[in-house]
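# Observations on the model geometry
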Amino acid sequence: MKRLFPLQPPSSAEERDQRLMQMALRLARQAFDEDEVPVGALVVRGDRVLGSSGNQVERLADATAHAEMLALSQAFAAAGAKRLDGAELICTLEPCLQCAGALLHARVARVVYGAADPKFGAVESLLRAFELPGLNHRVLARGGVCAVESAELLRRFFRLRRGDPREA
């Protein structure tokens, strides 16, 4: 497992979130380069990365191969446990319902995401999955971290897919 911030620790929680999101954005750019929807995610606990991935839906021909799901699978293996108490997920896009459910089951403590997802977002946009009554676990969430950069990467990807001349 890699240590986070080996040279200089962040000076604030805000700076920490920003620096972690920059790591997730690198994963999203790699997914973009592999012709995947550019979403990147990492799972951290304390000062360690437990898992990280970009989307691999096309590569694996698996609609569930979202960056969050793959990063969670790596984190379970690294932690040697089925729960990730105290862990955080950092993702460039608001988690969908599938990923929000997995985060609840994993007992992730906190989610930080970039761009909102008005079509599938299950944290604030379409549904507030972490606030459903009757849940036995609560996930704290913070959206909008590097949202402009995250959203622009997604817009560029889909413009290219449509053959938009602005991307030629």
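Numbering of residues starts from 1 in each chain and follows the order in which that chain's sequence is written. Confidence filtering applies because this is a predicted model: local features only for residues at pLDDT of at least 70, side-chain atom pairs given and counted only at 80 or more, and all residues used for totals across whole chains, interfaces and linings. Based on all heavy atoms of the structure, the side-chain values leave hydrogens and waters out of the count.

## Some details on helix H5 (residues 147–162)
- Given a rise of 1.5 Å per residue, 16 residues ought to cover 22 Å, and the 22 Å separating the end C-alpha atoms of H5 matches this to within 8%.
- Pairs of residues are marked as contacts when any of their non-hydrogen atoms sit within 4.5 Å. Helix numbering and strand numbering both begin at the N terminus, where a helix is a DSSP run of H or I of at least 4 residues and a strand a DSSP run of E of at least 2. Summarising the contacts, the buried residues of H5 are in contact with helix H1 (13–33), strand E3 (88–93) and strand E4 (110–115). By definition here, a helix of n residues has an expected span of 1.5 Å times n minus one.

## With respect to the state of the cysteines
- The definition used for a disulfide is geometric: two cysteine sulfur atoms within 2.5 Å. Tallied over the full model, the rule gives 0 disulfides.
- The structure places no disulfide on Cys96, whose sulfur is separated from the nearest cysteine sulfur, that of Cys99, by 3.7 Å.
- Throughout, exposure labels follow a simple rule: accessible area from a 1.4 Å probe, protein chains only, divided by the maximum for the residue type, with under 20% read as buried, over 50% as exposed, and the rest as partly exposed. Judged by its relative accessible area of 11%, Cys96 is buried.
- Judged by its relative accessible area of 0%, Cys99 falls in the buried class.

## Things to note about the environment of Glu14
- Topologically, Glu14 is positioned in helix H1.
- Definition of a polar contact: a pair of N or O atoms within 3.5 Å, with one able to donate and the other able to accept a hydrogen when the atoms are protein atoms, and with sequence-neighbouring residues admitted only if both atoms are side-chain atoms. There is a polar contact of 2.2 Å between the side chain of Glu14 and the side chain of Arg142.

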